[in-house]
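Structural overview for review
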Amino acid sequence: MTDTSQPAKPPLLWQKPDTRTDARVMRFLAGDDVMLDREFFVHDIRASKAHVEGLAHIGILDGAERDRILHELDTLAEDFRAGRFILDERFEDGHSAIEARLAERLGDPGRKVHTGRSRNDQVLVATRLWLKEKLANLVALCRDTAAVCLDRAGRESLPMPGHTHLQRAVVSSTAMWFAGFAEAFIDDARRAQDTLAWIDANPLGTAAGYGVNLPLDREHTTRALGFARMQVSPIYAQLSRGKFELAALDALASALLDLRRLAWDLSLFTTAEYGFVALPAEYTTGSSIMPNKRNPDVVELMRASYASVAAARSEIEQLLSLPSGYQRDLQFTKGAIFHGFGRGLAALELLPDLLRRLQWNAPALAAAIEPSMYATDVAIEQAAAGVPFRDAYRAAADMAASAGIDRTPEASLAARISPGAAADLRLDTLFERLERI
Ligand code: ARG
């Protein structure tokens with residue numbers, strides 16, 4: 001059976017009798033762009049449906065035309081998802097592919113879909129919807145991560161060394177370690193949520209960035225697409241492209257920076273030198289040459305993922321040196337967000353389960369506590385008893401080696417009563433914040 005859903009190469013949208021094109025130039029203009037549009041295609045179709053409804057509201061389409069176009073757009077989305085319609089270099093971009101398909105299936109009514117639109121308008125709304133979806137994923141992943149950390153912080157508390165400058169410094173605990181990352185990921189979830197609210201503005205209906213001579217029903221498309229507000233100024237809609245992408249990547253970067261530090265800890269903690277942590281077997285890989293090894297490759301790629309987010313951020317920042325209005329430069333923002341969010345979310349996706357299942361090695365943690373780590377406790381106790389802190393500090397330094405006499409890590413932690421520290425973790429405060437996200 002021949003596949004009839006895949007049209008032959010359609011003419012360019014902007015083809016005129018005197019249009020001359022060169023294959024090399026066209027390839028340069030499109031690059032991997034049409035492939036990237038696969039990522040945004042279903043969002044483009046969804047926004048096109050809202051636009052069609054809006055056109056019917058202002059009498060550009062009659063009810064029958066509207067219904068036929070909406071039906072064909074649904075069919076196109078289904079064909080695309082099922083692999084029956086393939087978006088490839090036969091099309092200049094995803095936007096013209098939609099129009100070509102409607103024209104092929106419906107003739108003239110199909111050609112009306114672009115009334116009052118521009119491809120700049122299409123790519124803006126499609127990428128905006130895509131960014132909202134990715135930020136919602138980011139919120140959920142940060143929440144899940146924070147929830148696991150909070151749960152483990154409340155469940156077990158083993159003494160462990162607290163390091164500064166990579167040196168053993170004071171007694172800390174596994175509960176403090178988890179509580180720290182819990183609060184970090186609550187903040188990351190919050191930032192992602194705030195960013196989502198900030199970019200939740202509908203650019204659809206701004207055409208090429210200067211509006212059109214039609215009373216477009218932008219209120220309808222704003223509602224239909226679930227946007228919190230309409231992005232009012234067409235010129236601002238264009239100015240926000242790239243700027244909103246950067247904000248979304250910044251929110252992602254916050255989470256990935258915390259992940260990078262966490263991964264660093266796990267990288268160190270799983271070495272024989274520390275031996276604090278055992279990772280679930282699936283999160284390690286064998287060495288092709290050294291039969292004795294299990295390597296923490298997952299943790300290392302988690303750590304590396306920030307680089308891709310930083311690269312995306314940097315690429316967009318460099319692109320934005322532009323005058324107002326649409327410039328084709330903006331096309332490259334798509335590859336950047338695709339790459340950055342692809343890498344970043346993939347790393348975060350594995351995190352909650354990894355944290356849920358990593359195991360602390362209690363004997364190794366206990367053996368790493370050494371007497372000098374109580375020196376700060378000694379100094380603080382003296383100071384609390386009225387000795388000026390500098391004198392207490394010097395006295396404790398002189399006797400650092402014997403600071404551990406009659407002391408246990410458990411007692412040190414039980415006395416760590418400053419708010420947020422081991423004896424007063426305030427997990428309920430963190431939990432309340434998490435619940436409000
Ligand atoms: N692919 C382009 C982009 O991502 C949008 C379509 C081209 N628009 C144009 N006016 N040439 O920006």
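That block above? That's the structure.
1. Examining the pairing of strand β1 (residues 159-164)
- Both β1 and strand β2 (residues 167-173) contribute to a ladder of 6 bridges, which runs antiparallel. Its bridge partner lying in β2, proline 161 is registered against valine 171.
- Taking the residues that link successive antiparallel strands as the turn, the β1-β2 hairpin has 2 residues, and the phi of histidine 165 there is positive, at about 55°.

2. Some remarks on the site of the ligand
- Looking at the ligand, the residues that line it are Asp33, Asp93, His95, Arg119, Asn120, Val123, Arg241, Tyr326, Arg328, Gln331 and Lys334.
- In the environment of the ligand, an oxygen atom lies 2.5 Å from a nitrogen or oxygen atom belonging to the side chain of tyrosine 326.
- Take lysine 334: an N or O atom from its side chain is 3.4 Å from an oxygen atom of the ligand.
- The fraction of the free accessible surface of the ligand (340 Å²) that becomes covered by protein chains is 87%.
- In terms of residue count, helix α6 (residues 119-155) provides more of the shell around the ligand than any other element does, 3 residues in total.
- Class assignment for the residues of the shell around the ligand results in 2 nonpolar, 3 polar and 6 charged.

3. Things to note about the side chain of arginine 218
- With respect to the helices, strands and loops of the structure, arginine 218 is situated in helix α8 (residues 218-224).
- Of the side chains with opposite charge, aspartate 121 comes closest to the buried, unpaired arginine 218, at an N-O distance of 6.5 Å.
- There is a polar contact of 2.8 Å between the side chain of arginine 218 and the backbone oxygen of asparagine 202.
- A polar side-chain atom of arginine 218 sits 2.9 Å from the main-chain carbonyl oxygen of glutamine 231.

4. Describing the environment of lysine 132
- Structurally, the position occupied by lysine 132 is in helix α6.
- Note: C-alpha distance between lysine 132 and glycine 83 (49 residues apart in sequence) is 25 Å.
- With residues up to four places along the chain from it excluded, the contact list for lysine 132 reads Leu196, Ile199, Asp200, Leu225, Gly226 and Phe227.
- A distance of 3.1 Å separates a polar atom in the side chain of lysine 132 from the backbone oxygen of glycine 226.

5. Re the packing of helix α2 (residues 33-57) against α6
- For the pair α2 and α6, the least separation of the axes is 8 Å and the interaxial angle reads 115°. In this view, α2 runs roughly perpendicular relative to α6, as classed from their interaxial angle. Our pair here, α2 against α6, has a crossing hand that is right-handed. Across the interface between the two elements, Glu39, Phe40, His43, Asp44, Arg46, Ala47 and Ser48 of α2 pack against Gln122, Val125, Ala126, Thr127, Leu129, Trp130, Glu133 and Lys134 of α6.

6. So, the packing of α2 against helix α3 (residues 63-81)
- Contact geometry of α2 with α3 gives a least axis separation of 10 Å together with a crossing angle of 170°. Taken together, the axes of α2 and α3 lie roughly antiparallel to each other. Seen from α2, the contacting residues are Arg38, Phe41, Val42, Ile45, Ser48, Lys49, Val52, Glu53 and Ala56; seen from α3, they are Arg66, Ile69, Leu70, Leu73, Asp74, Leu76, Ala77, Phe80 and Arg81.
- Of the residues in the contact of α2 with α3, the class split is 11 nonpolar, 1 polar and 6 charged.

7. Things to note about the nonpolar core
- Ranked by internal contacts, the top residues of the largest apolar core, which has 72 residues, are Leu138, Trp177, Phe185, Phe341 and Leu348.
- Contributions of two or more residues to this core are made by α6, α7 (174-198), α10 (243-269), α11 (297-319), α12 (332-349), α13 (351-357), α14 (362-367) and α18 (427-435).
- Per element, the largest residue contribution to this core is 14 residues, and it comes from α10.
- The contact partners of leucine 138, leaving out residues within four places of it in the chain, are Ala192, Ala251, Leu252, Ala255, Leu345 and Leu348.
- Counting 23 residues, the second-largest nonpolar core is a separate cluster that includes Leu55, Leu76, Phe85 and Phe91.

8. Remarks on the state of the cysteines
- Under the defined criterion, the tally for this structure stands at 0 disulfides.
- The cysteine cysteine 142 is free of any disulfide, with cysteine 149 supplying the nearest cysteine sulfur at 11 Å.

9. Digging into the environment of phenylalanine 28
- Within the secondary structure layout, phenylalanine 28 lies in helix α1 (residues 23-30).
- Expressed as a C-alpha distance, the spacing of phenylalanine 28 and serine 233, which sit 205 residues apart in the sequence, is 32 Å.

10. So, the pattern of salt bridges
- For the coordinates displayed, the defined rule picks out 28 salt bridges.
- The partner of aspartate 108 in a salt bridge is arginine 111, with the nearest N and O atoms 3.2 Å apart. Linking aspartate 108 with arginine 111, this pair stays in helix α5 (residues 108-111), spanning 3 residues, or about one helical turn.
- By relative accessible area, which is 56% here, aspartate 108 ends up exposed.
- Owing to a relative accessible area of 47%, arginine 111 belongs among the partly exposed residues under this scheme.
- Between aspartate 200 and lysine 132 there is a salt bridge, with its nearest N and O atoms 2.7 Å apart. Of this pair, aspartate 200 sits in the loop between α7 and β3 (201-202) while lysine 132 is found in helix α6, placing the two residues 68 residues apart along the sequence. For the residue pair aspartate 200 and lysine 132, the accessibility class agrees, reading buried in each case.

11. Quick word on unusual backbone geometry
- The backbone of histidine 165 sits at a positive phi, close to 55°, despite the residue not being glycine.
- For histidine 165, the location among the structural elements is in the loop between β1 and β2.
- What makes histidine 165 exposed here is its relative accessible area of 73%.
- One non-glycine residue with positive phi stands out, namely leucine 166, at about 65°.

12. Overview of the packing of aromatic side chains
- As enumerated under the stated definition, the model contains 17 aromatic pairs in all.
- Where phenylalanine 41 meets phenylalanine 85, the ring centres are 5.8 Å apart and the plane angle is 5°; that geometry is what we call stacked. With phenylalanine 41 in helix α2 and phenylalanine 85 in the loop between α3 and α4 (94-106), the pair connects residues that are 44 residues apart, well separated along the chain. Grouping residues by exposure puts phenylalanine 41 and phenylalanine 85 together as buried.
- Plain terms: the ring middles of tryptophan 130 and phenylalanine 341 are 5.9 Å apart, the flat faces sit at 85° to each other, and that makes the pair edge-to-face. One end of the pair, tryptophan 130, is in helix α6; the other, phenylalanine 341, is in helix α12, and 211 residues separate them in sequence. Residue tryptophan 130 shares its accessibility class with phenylalanine 341, and that shared class is buried.
- An aromatic cluster is present here, built from Trp177, Phe178, Phe181, Phe269, Tyr274, Phe276 and Trp360 joined pairwise through their rings.
- Seen from the ring of tyrosine 393, arginine 390 lies directly overhead, with NZ or CZ sitting 4.6 Å from the centre.

Reading guide: rules and limits
In every chain, residue numbers begin from 1 and rise along the written sequence. Given that this is a predicted model, residues contribute local features only at a pLDDT of at least 70 and side-chain atom pairs are listed and counted only at 80 or more, while totals for whole chains, interfaces and linings are drawn from all residues. Excluding hydrogens and water, the side-chain values take into account all heavy atoms of the structure. Strands are labelled as partners when DSSP assigns at least two bridges between them. Put simply, DSSP marks the helices as runs of H or I at least four residues long and the strands as runs of E at least two long, and each gets a number from the N terminus on. Nearness is judged by heavy atoms alone; a residue qualifies as near a molecule or strand once a single heavy atom is within 4 Å of it. Side-chain atoms alone can form a polar contact between residues adjacent in sequence; in general such a contact is a pair of N or O atoms within 3.5 Å, and within protein one must be able to donate a hydrogen while the other accepts it. To be clear on the numbers: accessible area is Shrake-Rupley with a 1.4 Å probe, and residue cover counts the displayed protein chains and nothing else. In this classification, the charged set is Asp, Glu, Lys and Arg, the nonpolar set is Ala, Val, Leu, Ile, Met, Phe, Trp, Tyr, Cys and Pro, and all remaining amino acids, among them Gly, are polar. A simple rule labels every residue: compare its accessible area, found with a 1.4 Å probe on the protein chains alone, to the largest value its type can have, and call it buried under 20%, exposed over 50%, or partly exposed in between. Residues scored as positive are Lys and Arg, those scored as negative are Asp and Glu, and His as well as the terminal groups of each chain are ignored. A pair is scored as a salt bridge if a Lys or Arg side-chain nitrogen falls within 4 Å of a carboxyl oxygen belonging to Asp or Glu. Contacts: residue pairs with any heavy atoms within 4.5 Å of one another. Lines fitted to C-alpha atoms define the axes, with helix axes restricted to the stretch in contact, and inter-axis angles between N-to-C directions lie between 0 and 180 degrees. Should an angle lie under 35 degrees it is considered roughly parallel, over 145 roughly antiparallel, and from 65 to 115 roughly perpendicular; all remaining angles are considered oblique. Handedness of a crossing follows from how the near helix is turned relative to the far one, being left-handed for an anticlockwise turn of less than a right angle and right-handed for a clockwise one. Put simply, buried Ala, Val, Leu, Ile, Met, Phe, Trp, Tyr and Cys residues joined by side-chain atoms within 4.5 Å make one nonpolar core. Criterion for a disulfide: a pair of cysteine sulfur atoms within 2.5 Å. What counts as a ring pair is set by centres within 6.5 Å for rings of Phe, Tyr and Trp (its six-membered ring), and what kind of pair is set by the plane angle: stacked under 30 degrees, edge-to-face over 60, tilted for all other angles. Criterion for a charge above a ring: Arg CZ or Lys NZ at most 6 Å from the ring centre, at most 35 degrees from the ring normal.

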